[in-house]
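# Structural overview
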Amino acid sequence: MKNAMRLDKLIASQTTLSRREARQRILSGRVSVNTEVCRSIDASVMPQQDTVLLDGQAIGYQPFVYYMLHKPAGVLSASRDRRATTVLDLLHECDRTRPLFPVGRLDKNTTGLLLLTDDGMMAHRIISPKSGIEKEYSVTLDGPVTDDMVKRFAEGITLTDGTVCASAGLTALENCRARVILTEGKYHEIKRMFGVCGLGVNQLHRMRIGHLWLPDDLPVGEYRPVSAKELSESVFC
Ligand code: URA
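The sections below set out a description of the structure shown in this document.

### Some details on the overall build of the protein
The helix and strand inventory of the protein stands at six helices and 15 strands. What you see for the protein is a C-alpha radius of gyration of 22 Å, clearly larger than the 18 Å of a compact globule of 237 residues, by over 25%. Counting only C-alpha atoms, the protein reaches 70 × 35 × 35 Å along its principal axes. By the burial criterion, 43% of the 237 residues in the protein qualify as buried. Within the protein, contacts between residues separated by at least 24 positions form 63% of all contacts whose residues are at least 6 apart in sequence. Accessible surface, the protein as shown: approximately 13,000 Å² in total, 49% of it carbon and sulfur. The centroid of the 31 positive side-chain charges in the protein is displaced by 6 Å from the centroid of its 28 negative side-chain charges.

Below you can see the structure in the form of structure tokens.
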């Protein structure tokens, strides 16, 4: 059966239940498929077509989930770490049932917009330099940005290890602040690019991915779901 899925797997993937708990619900007659009670733990369903109810409540089907997080400083962009708090630790228990991961990385002390998902293809499209998706950062430096730096960023900075960065947008602002627009995400890229120009980065904050802006009303450390449609329209358009 094309796109068929085990019933217990579907229930576990769309609820906070484990597969074992889902199987128990099925065995005890609490699950129906297209109005018929289904007690078979081996049953398969077509998630996008069949109507599955658990205790009379519809189990919707979302193949992937997406969240936008306002990442605080001091939190690792990783799925798991033995010692440090990771961005996934910021999610409520009920939102941690899927194998989520951050889309790209922000340094531990970088704040701002970070996407979390379990959709590897979408993540790849957002991160890949080939997609050319802009990421915009607000930067506070330990000195002023010069016209020469703006030119060097536009030409593509060569880092101390010989790595050549893609052309980046640099706009000088008042009080040693600047805006940087990247289309790739090399390790510590902004810090290293400014390092080559003799400036240190005091603060780094990501404001935008594609056309998706960090909402003003999303507090630091909080997150909200984004639909696949919203993400496609705002990131890729
Ligand atoms: N560049 C950096 O140096 N750090 C980040 O977190 C993101 C871009």
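On we go.
### A short note on the packing of aromatic side chains
Counted by the stated rule, this structure contains two aromatic pairs. Ring geometry for Tyr-67 against Tyr-223: centres 5.3 Å apart, planes inclined by 90 degrees, an arrangement best described as edge-to-face. Here Tyr-67, found in strand β7 (residues 66–71), pairs with Tyr-223, found in strand β15 (residues 223–225); they are 156 residues apart in sequence, far enough to count as distant. For Tyr-223, a relative accessible area of 13% translates into the label buried. Relative to Phe-194, the ring of Phe-153 lies with its centre 4.8 Å away and its plane at 45 degrees, an arrangement referred to as tilted. Placement of Phe-153 in helix α4 (residues 147–155) and of Phe-194 in helix α5 (residues 189–196) is noted, with a sequence separation of 41 residues between them. Owing to a relative accessible area of 0%, Phe-194 belongs among the buried residues under this scheme.

### Things to note about the site of the ligand
Close to the ligand lie Leu-106, Asp-107, Thr-110, Tyr-137, His-188, Glu-189, Ile-190, Lys-191 and Leu-204. Here Asp-107 contributes a side-chain N or O atom positioned 2.7 Å from a nitrogen atom of the ligand. Glu-189 places a polar main-chain atom, nitrogen or oxygen, 3.4 Å from an oxygen atom of the ligand. Contact with the protein chains covers 96% of the free accessible surface of the ligand, which is 240 Å². Among the elements that line the shell around the ligand, the one with the most residues is α5, at three residues. Grouping the constituent residues of the shell around the ligand by class yields four nonpolar, two polar and three charged.

Calculation criteria
- Residues numbered from 1 in each chain as written.
- Predicted model: local features only at pLDDT ≥ 70, side-chain atom pairs only at ≥ 80, totals over all residues.
- Heavy atoms only, no water.
- Helix = DSSP H or I, 4+ residues; strand = E, 2+ residues; numbered from the N terminus.
- Rg over C-alpha atoms; globule rule 2.2 N^0.38 Å.
- Buried < 20%, exposed > 50% of the residue type's maximum accessible area, 1.4 Å probe, protein only.
- Contact = heavy atoms within 4.5 Å.
- Areas by Shrake-Rupley, 256 points an atom, 1.4 Å probe, with all protein chains shown as cover.
- Lys, Arg positive; Asp, Glu negative; His and termini not counted.
- Charge placed at Lys NZ, Arg CZ, Asp CG, Glu CD.
- Phe/Tyr/Trp six-rings, centres within 6.5 Å; stacked < 30°, edge-to-face > 60°.
- Near = heavy atom within 4 Å.
- Polar contact = N/O pair within 3.5 Å; in protein donor to acceptor, adjacent residues only side chain to side chain.
- Nonpolar A, V, L, I, M, F, W, Y, C, P; charged D, E, K, R; others polar.

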